[in-house]
Amino acid sequence: MRNSTDFSPLYRSFIGFDHLAGLIDKASRADKQSSYPPFNIELLAEDQYRITMAVAGFSEDDIDIESKESSLTIIGTKQVRDKPKVEAGKTPRQFLHQGIAERNFERKFQLGEHVKVIGAFMENGLLHVDLEREVPEALKPRKIAINGKSLLPSNA
């Protein structure tokens with residue numbers, strides 16, 4: 001049984017917050033994402049973030065990163081490789097234990113307003129995706145000077 005939250009009081013009191021209720025509902029769904037691959041989300045500075053994913057066994061060619069509207073999708077697809085041919089004098093690889101998962105994955109992240117993907121790089125089996133919040137100048141706070149008189153035309 002799924003617990004459902006009633007957002008009707010929110011709709012009566014606040015205009016334009018319906019997308020927030022949708023995000024909360026989406027985050028509370030029972031069909032959670034897989035925990036593979038493990039990842040960290042790091043705050044680097046006030047408006048700078050980094051997602052770090054452990055992608056051992058994947059190369060840059062195996063990973064696709066797409067930013068669309070307010071979501072970030074990272075897809076890892078291992079290329080199907082033919083069985084390696086055994087060269088003369090060498091034996092094929094036989095694993096006694098294979099603990100490094102090389103399965104395909106898809107990880108989605110919901111981005112906040114004005115958060116943009118800056119770039120990505122791989123280092124030591126880790127994929128790093130850098131993000132930054134770019135608040136438009138029109139939305140930034142501004143100082144208002146006190147001039148001593150009204151700048152509006154008077155009706156007198």
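Please refer to the structure placed before this passage.
Residues numbered from 1 in each chain as written. Predicted model: local features only at pLDDT ≥ 70, side-chain atom pairs only at ≥ 80, totals over all residues. Heavy atoms only, no water.

Notes on the pairing of strand 7 (residues 126-133)
- The pairing of strand 2 (residues 48-54) with strand 7 spans seven bridges and is classified as antiparallel. Within the sheet, the bridge partner assigned to Ile-51 lies in strand 7 and is Val-129.
- Inspection of the sheet shows strand 6 (residues 115-123) paired to strand 7 by eight bridges, in the antiparallel sense. Across the sheet, the residue bridging to Val-115 is Arg-133, located in strand 7.
- Between strand 6 and strand 7, which pair antiparallel one after the other, the connecting turn spans two residues, and Asn-124 there sits at a positive phi close to 55°. (Pairing = 2+ DSSP bridges. Helix = DSSP H or I, 4+ residues; strand = E, 2+ residues; numbered from the N terminus.)

So, the packing of aromatic side chains
- Evaluated as defined, the whole model comprises three aromatic pairs.
- For the ring pair Tyr-36 and Phe-105, a centre distance of 6.1 Å and an interplane angle of 85° mean the geometry is edge-to-face. Residue Tyr-36 is found in the loop between helix 2 (18-27) and strand 1 (39-45), and its partner Phe-105 is found in strand 5 (residues 105-110); the two are separated by 69 residues along the sequence. In this pair, the class of Tyr-36 matches that of Phe-105, namely buried.
- Each member of the aromatic cluster is reached from another via a ring pair, and the members are Tyr-36, Phe-58 and Phe-105.
- Positioned above the aromatic ring of Tyr-36, the side-chain terminus of Arg-103 is 4.0 Å from the ring centre. (Phe/Tyr/Trp six-rings, centres within 6.5 Å; stacked < 30°, edge-to-face > 60°. Buried < 20%, exposed > 50% of the residue type's maximum accessible area, 1.4 Å probe, protein only. Lys NZ or Arg CZ within 6 Å of the ring centre and 35° of its normal.)

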